[in-house]
Amino acid sequence: KQNGMGEFDPDTLVYTLDLSGQFDLASPGQDGEDLVQIIADDGNNGTDQFEVSIAIHNTNQPVEIDAIGDQTVKEGEEFSIPVFAEDPDGDVQQYDWQSIPQLPFQPSFDDNVLKGAPGFEDEGVYNVTVTVTGNTPEDTANSSFVLTVENTNQAPEVNIPQTFDAAGGTRLVKKLSDFVEDPD
């Protein structure tokens, strides 16, 4: 690989460098120790070489979480909201749903999925945050979204008794509205 200051051969791990150059070695995702041969050439047939052992320690890479768009659900309908996250290091991921206690209905959690069914009194706008954590507390990512629960029109309920009692020779008058209830 050529960088203007020298040339590195990854097959032999030889980095050729002019005397005025400098270089950095970085290998994200690798862990181990390599013996690197450094050859300095002044361009006038003067060279020097030495070997150096370089220990490469993999640094923990943070969890990456896909953005969760705002969600809209209706009262009385079930929903599922999946969260997609990846830890480049392959660490086990833990999902922590925050702001859930403010929801007026009881959601459930299946690892990376928020599930629920808001009742007919749960219309509103709710802020929800999910935190995904890898192996360390620093290895976390958050995603927040707005969960809007929309009102659902409910059918009126009619509760008319099967029979009415009235004395003979009297007039029976009942208003239908006394037997109809609209939950909305």
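For the structure itself, consult the block above.
Residues numbered from 1 in each chain as written. Predicted model: local features only at pLDDT ≥ 70, side-chain atom pairs only at ≥ 80, totals over all residues. Heavy atoms only, no water.

Regarding the overall build of the protein
No. 1: Tallying secondary structure elements over the protein gives 0 helices and 15 strands in all.
No. 2: Sequence separation of at least 24 residues holds for 52% of the intrachain contacts in the protein that already meet a minimum separation of 6.
No. 3: Per element, the accessible surface of the protein, about 12,700 Å² overall, is 45% carbon and sulfur. (Helix = DSSP H or I, 4+ residues; strand = E, 2+ residues; numbered from the N terminus. Contact = heavy atoms within 4.5 Å. Areas by Shrake-Rupley, 256 points an atom, 1.4 Å probe, with all protein chains shown as cover.)

Side note on the nonpolar core
No. 1: Ranked by internal contacts, the top residues of the largest apolar core, which has 20 residues, are Ile65, Phe79, Ile81, Trp97, Phe145 and Leu147.
No. 2: Residue assignment for this core shows that the elements contributing at least two residues are β7 (79-82), β12 (124-133) and β13 (140-150).
No. 3: Ignoring any residue separated from it by four or fewer positions in sequence, one finds isoleucine 65 in contact with Val83, Phe84, Ala85, Val130, Val132, Ala141, Asn142 and Ser143. (Core = buried A, V, L, I, M, F, W, Y, C linked by side-chain atoms within 4.5 Å. Buried < 20%, exposed > 50% of the residue type's maximum accessible area, 1.4 Å probe, protein only.)

Comments concerning the packing of aromatic side chains
The description of an aromatic ring pair rests on the distance of the ring centres and on the angle between the ring planes.
No. 1: Under the defined criterion, the tally for this structure stands at 1 aromatic pair.
No. 2: On the numbers, 6.0 Å between centres and 85° between planes, the contact of phenylalanine 79 with phenylalanine 105 is edge-to-face. Separated by 26 residues along the polypeptide, phenylalanine 79 in strand β7 and phenylalanine 105 in the loop between β9 (94-98) and β10 (108-110) bring together distant segments of the chain. Each of the two residues, phenylalanine 79 as well as phenylalanine 105, counts as buried. (Phe/Tyr/Trp six-rings, centres within 6.5 Å; stacked < 30°, edge-to-face > 60°.)

Description of the environment of phenylalanine 164
No. 1: Structurally, phenylalanine 164 can be placed in the loop between β14 (157-158) and β15 (180-181).
No. 2: Counting along the chain gives 10 residues from phenylalanine 164 to lysine 174, while the straight-line C-alpha distance between them is 9.5 Å.
No. 3: In this view, phenylalanine 164 contacts Leu172, Lys174 and Phe179; residues no more than four positions away in its chain are not counted.

Geometry only, nothing functional implied.
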